[in-house]
Amino acid sequence: MTACGPPHRFMSADHRRLDALLARATVDAAAIDLAPFGEFRAGLIRHIGMEEKVLFPAAGRARGASLPLAARLRVDHGAIVALLVPTPTPVIVARLLSVLGPHDRREEDPGGVYDACDEAVGPVEAERLVDELRRFPAVPVKPYNDGPAVEKHIEETLELSRRQWRAKEPAPAKRRPPRPCSIDPSAPAYWRLLACAASSLTRSDWTIRLKAELIVP
Ligand SMILES: [Fe+2]
């Protein structure tokens, strides 16, 4: 088995740090502790930012083409961030874990995306890359938003995430083929979704931007 390279180790360690924060937030399964959850929320958004803005683009540049799973992981990120918008409840945390668990495994498992990043950038660039990841700034997050549009966006982004992974499996004979994901992976829509949680957009801007940029009829 090949040892993990520095980017893999760095990103996996950040997963463990986030796992620990979520575990602290859910010690009482019936009542989320908002202090550690807030740290988890901000940390996860920053982690996703590191992947979207630094790690995946660097690996893509080094190999001359996007990582094969990058577009799908970006769609997962959309669902994950949508689930970080409302005040957390045990149900929301369970839904978050239903995406985050498989997502993290696709990144960390042998032959997964972090291995592909290690392989693409090579040992010298890897050290510089980890340094850049370490310096990635905290993302300022907005307060929780429990508005009526939020649940709908959660449903839609979760469905996009689930559908794209189902699409990879061989379809049973009678099942209709899944529709292709409606997010254009080349568009900067994902980062704008992060901005929904992170920027100074008003709630109505937030909704309009989501509809205009993420939900393609
Ligand atoms: Fe990720």
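Let me sum up the structure you'll find in this document. (Residues numbered from 1 in each chain as written. Predicted model: local features only at pLDDT ≥ 70, side-chain atom pairs only at ≥ 80, totals over all residues.)

1. Here we look at the overall build of the protein chain
Line of reasoning, step 1. The helix and strand inventory of the protein chain stands at 8 helices and 0 strands.
Line of reasoning, step 2. Of the regular secondary structure in the protein chain, the N- to C-terminal order runs α-α-α-α-α-α-α-α. (Helix = DSSP H or I, 4+ residues; strand = E, 2+ residues; numbered from the N terminus.)

2. Remarks on the nonpolar core
Line of reasoning, step 1. If you look at the biggest cluster of nonpolar residues, it comprises 23 residues, and the most contacted ones within it are A79, I80 and L84.
Line of reasoning, step 2. Within the residue set of this core, elements represented by two or more residues are α1 (6-25), α2 (34-63), α3 (70-83), α4 (90-108) and α6 (148-166).
Line of reasoning, step 3. Counting residues per element, this core draws most heavily on α3, which supplies 6 residues.
Line of reasoning, step 4. Listed in part, the 17 residues of the second largest apolar core include F56, C117, A120 and L129. (Core = buried A, V, L, I, M, F, W, Y, C linked by C-beta atoms within 7 Å. Buried ≥ 20, exposed ≤ 12 C-beta atoms within 10 Å, placed from the backbone.)

3. Describing the environment of E127
Line of reasoning, step 1. With respect to the helices, strands and loops of the structure, E127 is situated in helix α5 (residues 113-134).
Line of reasoning, step 2. Sequence spacing of E127 and P7 is 120 residues, and the spatial spacing of their C-alpha atoms is 7.8 Å.

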